[in-house]
Amino acid sequence: MTLSLTPDIPALQVAGDVADSVLRSALGASERHELFALLDRHFEGVTPVQFARDLEEKDWVLRIRREGRLVGFTTLQLYSATIDGTCAQVLYSGDTIVAPEAWTSPVLARGWIALVRALQQVQPGERWYWLLLSSGFRTYRFLPVFWRDFWPRHDAEAPAGVRETLNALATARFGESYDARAGVVRFAHPQRLRGALADIPDGRTDDPHVRYFLARNPGWRAGDELVCLTELSDANLTAAGLRMVRSDARRSSLSTSLESAAQAPAQAPPLALTQVPPAAP
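So, the confidence of the model for the chain
Here the chain averages 87 in pLDDT, while 85% of its residues score no lower than 70. Across residues 253-281 the pLDDT falls below 50, and counting only partners more than four positions away or on other chains, this stretch makes 14 contacts in the model.

Below, the structure written as structure tokens:
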């Protein structure tokens, strides 16, 4: 479901890369084809029919552009679920791809966090969870960079309540495609990384998170997807996540203040930058 009140989410620019969030329902035919073409260049097993069906289930698309070219995107669906006896919001990430040329850019992470926080402000007071499928270590690696607690992980067993929640969400969503014992989803028609994109660069297995992902999801090359879960809250952000949130909050606060100053009556004094309130910790 799409939230009944959709927030206004401005485009976010980092160096020469731009992230913009758009409702899936607002995409035109050429924009949908552009998304499919990028995914098809990097994954085997993608068909137009399957892509269109999966996209139709999603609510939002976050796109990454470099000099006007699409170099990445991720799709998101938001729905309600009962967790621990209370209503919670679940954000499910669908198709996600970033072209190798943009792997070092932080714009996807910044744009994703900005979109999620904007959605949370429309629906405050409830717990939020991120349900993520990882068929590659790069996607899984996003979790330890920005969240303190996430599951599964190499250095701790998931609490019983978390395991129950993860299994319940995955079973409800993926049905018989979900292997609860292995913690992976095996689709009938999986998508597999093409060629060199499926290679593990030298030195990456020195990272315990990467080693864990490869051991926990040994069928990742065949398209098996590891089911992951984390709670989306400020208290669960790592230091890197908090820095990103505060940086974007200061940028948004400054932009809002300057816009207000520009729209103020001519006789009003200009707003000094020192009057911009700092972001809440």
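Quick notes on the packing of aromatic side chains
Summed over the entire model, instances satisfying the criterion amount to 14 aromatic pairs. For the ring pair W112 and W147, a centre distance of 5.9 Å and an interplane angle of 85 degrees mean the geometry is edge-to-face. Residue W112 is found in helix α3 (residues 107-122), and its partner W147 is found in the loop between α4 (137-146) and β8 (150-151); the two are separated by 35 residues along the sequence. An aromatic cluster of three or more residues is present, and its members are W112, W130, F142, F146 and W147.

Here's the deal with empty space enclosed by the protein
For the coordinates displayed, the defined rule picks out one cavity of 30 Å³ or more. The computed volume of the largest cavity comes to approximately 40 Å³. Lining the largest cavity are F43, S135, Q191, R192, L193, A198, W220 and R221. Split into classes, the residues belonging to the lining of the largest cavity amount to four nonpolar, two polar and two charged.

Quick look at the pairing of strand β2 (residues 17-23)
Counting buried residues along β2, five of its seven residues qualify, which places the element largely inside the surrounding structure. In this structure, strand β1 (residues 12-14) lies alongside β2, joined through three bridges in antiparallel fashion. Each bridged residue has a counterpart across the sheet, and for Q13 the counterpart in β2 is V18. Pairing analysis gives seven bridges linking β2 to strand β4 (residues 60-66), with the strands arranged antiparallel. The residue bridging V18 from the neighbouring strand is R65, located in β4.

Remarks on α3
Taking 1.5 Å of rise per residue, 16 residues should cover 22 Å, and α3 covers 23 Å from first to last C-alpha, within 8% of that figure. The element α3 is largely enclosed, with a buried count of twelve among its 16 residues. Three or more residues of α3 are buried, namely V107, L108, A109, R110, G111, W112, I113, L115, V116, A118, L119 and Q120.

Rules and cut-offs
- Residues numbered from 1 in each chain as written.
- Predicted model: local features only at pLDDT ≥ 70, side-chain atom pairs only at ≥ 80, totals over all residues.
- Heavy atoms only, no water.
- pLDDT = per-residue confidence, 0-100.
- Contact = heavy atoms within 4.5 Å.
- Phe/Tyr/Trp six-rings, centres within 6.5 Å; stacked < 30°, edge-to-face > 60°.
- Helix = DSSP H or I, 4+ residues; strand = E, 2+ residues; numbered from the N terminus.
- 1 Å grid on protein atoms, 1.4 Å probe; cavity = no way out; pocket = protein on both sides within 12 Å on 5 of 7 lines; lining within 4 Å.
- Points joined across faces, edges and corners; volume = space filled by probe spheres on them.
- Nonpolar A, V, L, I, M, F, W, Y, C, P; charged D, E, K, R; others polar.
- Buried < 20%, exposed > 50% of the residue type's maximum accessible area, 1.4 Å probe, protein only.
- Pairing = 2+ DSSP bridges.
- Expected span 1.5 Å × (residues − 1).

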